[in-house]
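Secondary and tertiary structure notes
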Amino acid sequence: MNTLQKPGLATPLTSDEQLLDYFRAGARPAEDWGIGLEMEQLAVDAASGEAAGFDRIELLLQELAAETGWQPMVEAGRTIGLRGPQSSITLEPGGQVELSGQLCPDLCCNESDFIRHVNSLVRVGNRLGLAFLGLGTQPFTPLDAIAWIPKARYGIMGPYMLRTGDMGQRMMKQSAGVQVNLDYSDEADCMAKLRLSQALAPLLYSLFANSPLLDGKPSGFLSTRGEIWARTDPDRTGLLPFLFADRAGFADYVDYALDVPMYFLIREGRFVDLTGERFPFRRFLHDGFAGHRPTLSDWDTHLSTLFPEVRLRPQIEIRSVDSLPPTLALTVAALLKGLLYDREAREAAWQLCRPDSADGLWRSCQDAWRLGLRAPWRDGSLLDLAHACVELACKGLRRESARRGQAVNESLFLHGLVHLVDGGVTLAEQLLGNWQGGREARVQALISHCGFAATEPRAPAGGCR
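Computed from a prediction, not measured in an experiment: that's the story for all the values here. (Residues numbered from 1 in each chain as written. Predicted model: local features only at pLDDT ≥ 70, side-chain atom pairs only at ≥ 80, totals over all residues. Heavy atoms only, no water.)

A complete count under the given rule lists one disulfide for this structure. What pairs with Cys104 in a disulfide is Cys109, and their sulfur atoms sit 2.2 Å apart. Across the S-S bond linking Cys104 and Cys109, the dihedral sits near -55 degrees, which makes this disulfide left-handed. Like Cys109, Cys104 is buried. Looking at the unpaired Cys365, the closest cysteine sulfur is the one in Cys353, lying at 11 Å. No disulfide involves Cys389; its sulfur sits 4.0 Å from the nearest other cysteine sulfur, which is in Cys353. (Disulfide = S-S within 2.5 Å. Buried < 20%, exposed > 50% of the residue type's maximum accessible area, 1.4 Å probe, protein only.)

Here is the structure:
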């Protein structure tokens, strides 16, 4: 995500206070709050639906660079990403294509940024026989048939994943998600948003469940991606129970991050592997490693290797959503902006979503992976919670638009989500209903369900221009 400028990353670390200052420096006044969207897409062969190999994806990036003027990112002589003026395209370990969009002042900006990306991707992809799916897991290609993208960090992370869980490499090579990035004004505001964002995890998994397939067949889950992440690495995934403490603050997040084992250091462009033994950042901070002393850049990198449902780096990043069809990608940002940036909506949502315990919340996430909107929630279901939270978000967006004097009522970005909730059927269940016939029919069902196609910004009355 191209968000904050991060000056001083070369600064040597000598105290825990500098780690706290990193999060304090992320605060912004409310009038400067933005919203960022990151979305991973599965690149597949348009005829077979199989995961595209790296050679084809590299050619895609090279042709995109020629068309857009974006700067290639090169590692060991291979093109592994593109950097634009305010956005970037990077590759996940199995060739998933991720757009890290700019931090935008409003959702219309997010939409324009996203549509430019989609249209360029589709235009070049069509020439190369590629299709792009907004789907949470690779539908056909088995794990061992997906080659690793040639990035040095994956050569360290991949083997380590085999020691931490039974689905870590599936997470890396077969899954795709959507992340939303939000701002905060101070420590208390940050903690309130982190706390609610984590409490929303079951709702987000159920609303946006869109990964019912794995290895060519139904997996038994509506969000297989959720199950995969849960079986990746208990040190760095799942919930952060300390967030629910009334006095939780930046120091608690620092303590959590300090005790997570490190993957690597980066020195002069080279990766120093730290996975040979359990080596938490706390130990590195105090003792160093093989003559290397910690810098703020090391802390920044370490925070990017933590994968809980919601994380701080220093923007708030919400991570509980499967990759989605492009028509619904902006609804995630709209829902979260409406619930988290409007204080009235945030407080009301907390009362609706406040869990009795972290264990109970995690059980609700597990129910959501299997049952979607039919999963139980208190005296009803997650569908009941969805109706209430979407309504709160709609009102929150209206108030936020009025406060900022925006001509556009951003609640229009919730229309697709309102339709989904009114129907009460998840994307995953819709896909399973059309999962029939031979390979050709199933590929077409996938493309119809979540394939990317060239599009134009919406322009309803009072909409984006």
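With that settled, the discussion passes to unusual backbone geometry. In most cases, non-glycine residues show a negative phi, while peptide bonds are predominantly trans. Looking along the chain, the bond that leaves Arg313 and enters Pro314 is cis, with omega of -15 degrees. Here Glu268, not a glycine, exhibits a phi torsion of approximately 55 degrees, which is positive. Tracing the backbone shows Glu268 in the loop between strand 11 (264–267) and strand 12 (270–273). Its relative accessible area of 84% is what places Glu268 among the exposed residues. Here Arg378, not a glycine, exhibits a phi torsion of approximately 50 degrees, which is positive. (Helix = DSSP H or I, 4+ residues; strand = E, 2+ residues; numbered from the N terminus.)

Moving on: the side chain of Gln198. Inspection of the secondary structure assignment puts Gln198 in helix 6 (residues 187–199). Take Gln198: its relative accessible area is 0%, and that puts it in the buried class. With residues up to four places along the chain from it excluded, the contact list for Gln198 reads Leu239, Leu240, Leu243, Phe244, Val310 and Leu361. (Contact = heavy atoms within 4.5 Å.)

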